[in-house]
Amino acid sequence: MKFTDGAWLVRPGVRMHYAAEVFEVEATPEALTLILPTRPIRHPGDTLQGPLLELRLSSPMPDVIRVRLRHFTGGADPKPSFEVVPDRTDHLRVEAQERLLVTAGGLRAELDREAARLDFATDEGRATGCGWRGMGLAEVEGEGNHLFAQLDLGVGENVYGLGERFTAFVKNGQVVDVWNKDGGTGSEQAYKNVPFYVTNRGYGVFVNEPGPVSFEVASEKVSRVQFSVPGESLEYYVIHGPTPLDVLEKYARLTGKPALPPAWSFGLWLTTSFTTKYDEASVTQTIQGMADRDLPLSVFHFDCLWMRPFHWCDFEWDPRTFPDPEGMLRRLKARGLRICVWINPYVAQRSRLFEEAKAGGYLLRKPDGDVWQTELWQPGMGIVDFTNPAACDWFQGHLRRLLGMGVDAFKTDFGERIPTDVVYHDGSDPVRAHNVYPTLYNRTVFELLEQERGKGDAVVFARSATAGGQKYPVHWGGDCSATFESMAESLRGGLSLMASGFGFWSHDIGGFEGTPRADVYKRWIAFGLFSSHSRLHGNASYRVPWLFDEESVDVLRFFTKWKCRLMPYLFHAAIQASERGLPMMRPMFAAFPGDPGCDSVDRQYMLGDSLLVAPVFDESGDVEYYVPRGRWARLFEGSVVEGPGWRRERHGFLSLPVLLRPASMVVLGLTDDRPDYDYAHRPTLLLSPPSDGLTVCADVPDLLGRIVGRATALRRGDRLTVETEGLVEPSLVVLDAPKTRLVSGANEAGTDAQGRRFRFDGSRAEFSLG
């Protein structure tokens, strides 16, 4: 929200009150609290009128400082609020003598007494801060009070994140309003708004306000990020890295880490699409078509029309289409498939559950006590009130019945169009609840899945979210179009979400709206199978490859099998997301801090620690991508690409740039027809050798997320020693070392596309790199 009119004026109807000086100080072991007049206090008469602001500095953990700016404090504590870890004092140092200083680990906040300037610094120097007129109160005619803060941006400093945003990846110059909307992937609106950003200077900022937050990112003031909220309180956290991935890890500790999705969820999902035939004969024919063509399939999803039109949701299979739903599910699961069904948090008036929900108080109500209803989406529908524990139990009860029938997962669609003229069961402020609603919805479903299936075997496919929603994966990018442009905007949105603290992300392969050309479909397959989760889904047609051309069948087979073989590596990356909060799909700026070539890159990413992926977005097959410093080996055939620098290449449909990071190891599994198998049984180690004296390691998990195997490669001169633990009959392929010669402990086992393969006799082998 802009308050000023250029550098000198304010907008009509706006009165600005800036923090002017520090008048009073209170220091305790828990916090530093400061009273900030909005005018210089030169004589006692200047204290007779406000506004007067209160600034409080505290900390929940090392390297994180909490800032709370308040005006009037007489109101009750509003709800809902984001779930964040509480403040601690064991790491905090507060000074209030000559200096006003708060130190939390490697991050310091210091306030200038005379100018009320707030600086955040580390041992490397100043990171950011509120400079002159950098915080205060704005009185807006007709809209009330707003509190704001402005944090400085340095030369060349870029801002990323703020949720799944499909606009330019670097947010500088943009106005971002954090307010969930159902706007597709082609507008400035977003399904997943997160009031958190990270910069390429190694710090992040989380605005702890669940209601509407307006960000002016180098827009109102081009050298600052301004964020403002309506009301009397503004709270934010400054998070020191020093790297962007460190920032994301600490943000996850602050707001919650993603759960670990089950290994089976990383395989290929196929859906009925939206307005197609859902009957068992059509579904079985499609699934059999996949099997006949050797296309590995892990999950089959039934979209909206598994229920009767005008009845969403009643959680009842449409008897006209599904006369024997339990038998159908049993027959599908006998094929080794998991089953997902679509739901939303709405109850149509025609649903048999509407009167039950109305009588039980399970739906949002208007101030006069009537159920809030709308014609949009399902005629006369009401919205489930997830602040009511009884409503959550009721909702879970209907889902539990579906789980008992054989359903394994739920697509938790919608949750963005939540009204603000309603009354919640727990008294939540409906404006603050608007963005939080999807978290309550997805938590209700996810916790049921964990109760019934156990931790580690729960997954949803969610569209809407905000801060904290990352705890309930997976999220997908919403309604994109069947074009290269929409494929690219989907990736921008996904990378923005990954820079906002989410660990897992998917998208509709081929696009949702419209039918893609065959070339778009095939390129999107490659992108989709090199994403954390992979789903074929559309609007009016099945997204099966033989409806496009026979080459599409080959392309889907090739990349699906590759993903299955990559599962030891990918599932380990998923464990990193769950345990540390590191996204599986990592923006290049986050993976390579300090490399200016990565700062604005938005058409490629790192998949885990070691694989660079650059999807093709052009019908010619041309792709331009950036390679950071070092010698990178191509995953599919082992040749070397030297960085740093930009490359332009042309790729066929069975290829895209996927490069193995220098001095790294990727573990391939033996199985290529399913994602969940014994990753430690006869794996292949793809090794890019380390430099002299250095070691490269790779861990191998089991299906429960436990590390059960490890491979370690140590180089001394030209001698390479590889040791394994917990792996059965491993093999090694050394990339970028054509003169590799076996010394002991293994046997040559042929040549792969990547190079010569050596099969270990035991757990240790030695090689000469020539």
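Residues numbered from 1 in each chain as written. Predicted model: local features only at pLDDT ≥ 70, side-chain atom pairs only at ≥ 80, totals over all residues. Heavy atoms only, no water.

Draft legend 1. View of helix α5 (residues 389-405). For α5, built from 17 residues, the straight-helix expectation of 24 Å at 1.5 Å per residue is met to within 8% by its first-to-last C-alpha distance of 25 Å. Residues Ala391, Cys392, Trp394, Phe395, Gln396, His398, Leu399, Leu402, Leu403 and Met405 constitute the buried set of α5. By the N-cap criterion, in which a side-chain oxygen at the helix start approaches the backbone nitrogen of a residue two or three places on, α5 is capped by Asn388, the distance to Ala390 being 3.0 Å. Downstream of α5 by one or two residues, Gly406 has phi in the positive range, about 125°. (Helix = DSSP H or I, 4+ residues; strand = E, 2+ residues; numbered from the N terminus. Expected span 1.5 Å × (residues − 1). Buried < 20%, exposed > 50% of the residue type's maximum accessible area, 1.4 Å probe, protein only. Polar contact = N/O pair within 3.5 Å; in protein donor to acceptor, adjacent residues only side chain to side chain.)

Draft legend 2. The arrangement of the environment of Arg629 in detail. Positionally, Arg629 belongs in strand β35 (residues 622-634). What makes Arg629 exposed here is its relative accessible area of 65%. For Arg629 and Val641, which are 12 residues apart along the polypeptide, the C-alpha to C-alpha distance reads 10.0 Å. In contact with Arg629, other than residues within four places in its own chain, are Asp595, Gly643, Pro644 and Pro662. (Contact = heavy atoms within 4.5 Å.)

Draft legend 3. Examining the sheet that holds strand β38 (residues 665-668) more closely. An order of β38-β39-β43-β46-β45 is seen for the five strands of this open sheet, with the pairing classed as mixed. Every other strand in the sheet has two partners, leaving β38 and β45 (746-752) as the edge strands with one partner each. Looking at each pair of strands side by side, their axes are set apart by 25° on average, direction ignored. Note that strand β39 (residues 684-687) and strand β43 (residues 731-734) share four bridges and pair parallel. Opposite Leu685, over in β43, you have Leu732 as the bridge partner. (Pairing = 2+ DSSP bridges. Axes fitted to C-alpha atoms, helices over the stretch in contact; angles between N-to-C directions.)

Draft legend 4. Structural context of the sheet that holds strand β18 (residues 203-207). Spatially, eight strands are ordered β4-β5-β6-β7-β21-β18-β17-β15 in an open sheet, and the strand pairing comes out antiparallel. The strands lining the two open edges of the sheet, one partner per strand, are β4 (24-27) and β15 (159-163). For this sheet, the mean angle separating the axes of adjacent strands, direction not counted, is 20°. Bridge analysis of strand β6 (residues 52-61) against strand β7 (residues 64-70) gives six bridges, and the strand direction is antiparallel. Bridge pairing in β7 places Arg56 opposite Arg68.

Draft legend 5. A look at the pattern of salt bridges. Under the criterion given, the structure shown has 66 salt bridges. One salt bridge connects Lys192 with Glu164, and the closest N-O pair in it is separated by 2.7 Å. Here the residue Lys192 occupies a position in the loop between β16 (174-178) and β17 (193-199), and Glu164 occupies one in the loop between β15 and β16, the gap between them amounting to 28 residues. Both residues of the pair, Lys192 and Glu164, count as buried. In this structure, Arg764 and Glu766 form a salt bridge, with 2.9 Å as the shortest nitrogen-oxygen distance. By relative accessible area, which is 16% here, Glu766 ends up buried. It is possible to trace a salt-bridge network through shared partners that takes in Asp182, Asp413, Glu416, Arg417, Arg463 and Asp479. (Salt bridge = Lys/Arg side-chain N within 4 Å of Asp/Glu carboxyl O.)

Draft legend 6. Representation of the environment of Ser223. Position of Ser223 relative to the elements: it lies in the loop between β19 (213-217) and β20 (224-230). Residue classification places Ser223 among the partly exposed positions, given a relative accessible area of 40%. Expressed as a C-alpha distance, the spacing of Ser223 and Glu157, which sit 66 residues apart in the sequence, is 9.2 Å. Sequence-distant contacts of Ser223, defined by excluding residues within four places in its chain, comprise Leu151, Asp152 and Leu153.

Draft legend 7. View of the packing of helix α9 (residues 550-565) against helix α10 (residues 567-580). Across the interface, α9 lies against α10 with an axial gap of 5 Å and an inter-helix angle of 65°. Side by side, α9 and α10 meet where Lys563, Cys564 and Arg565 of the first sit next to Met567, Pro568 and Leu570 of the second. Partitioning the contact of α9 with α10 into residue classes produces four nonpolar, no polar and two charged. (Nonpolar A, V, L, I, M, F, W, Y, C, P; charged D, E, K, R; others polar.)

Draft legend 8. Molecular detail of the packing of helix α2 (residues 280-292) against helix α3 (residues 325-333). As a packed pair, α2 and α3 sit with axes 11 Å apart at the nearest point and diverge in direction by 5°. Our classification of the angle between α2 and α3 gives roughly parallel. Packed against α2, whose contacting residues are Glu280, Val283, Thr284 and Ile287, the element α3 presents Met328, Arg331 and Leu332 at the interface. For the contact of α2 with α3, the residue count by class is four nonpolar, one polar and two charged. (Parallel < 35°, antiparallel > 145°, perpendicular 65-115°, else oblique.)

Draft legend 9. Quick peek at the nonpolar core. Residues Phe302, Trp306, Trp317, Phe395, Phe410 and Phe530 are the most contacted members of the largest nonpolar core, which totals 201 residues. Ranked by residue count, the leading element in this core is helix α6 (residues 430-453), at nine residues. Apart from the residues lying within four places of it in its own chain, the contact partners of Phe302 are Thr272, Tyr278, Val283, Trp317, Phe322, Met328, Leu329, Leu332, Ile339, Cys340, Val341 and Trp342. Counting 46 residues, the second largest nonpolar core, distinct from the first, contains Leu53, Ile65, Val213 and Val217. (Core = buried A, V, L, I, M, F, W, Y, C linked by side-chain atoms within 4.5 Å.)

Draft legend 10. How the structure looks around the packing of aromatic side chains. Counting across every chain of the model gives 49 aromatic pairs. Between Trp317 and Phe322, the ring centres sit 5.0 Å apart and the planes meet at 75°, which makes this aromatic pair edge-to-face. The class of Phe322 is buried, set by a relative accessible area of 3%. Aromatic rings pair up to connect Phe274, Trp312, Trp342, Tyr346, Trp377 and Phe414 into one cluster. Cation over ring: Arg293 sits above Trp546, and NZ or CZ is 3.9 Å from the ring centre. In this structure, Arg535 is placed above the aromatic ring of Trp476, and the distance from its NZ or CZ to the ring centre is 4.9 Å. (Phe/Tyr/Trp six-rings, centres within 6.5 Å; stacked < 30°, edge-to-face > 60°. Lys NZ or Arg CZ within 6 Å of the ring centre and 35° of its normal.)

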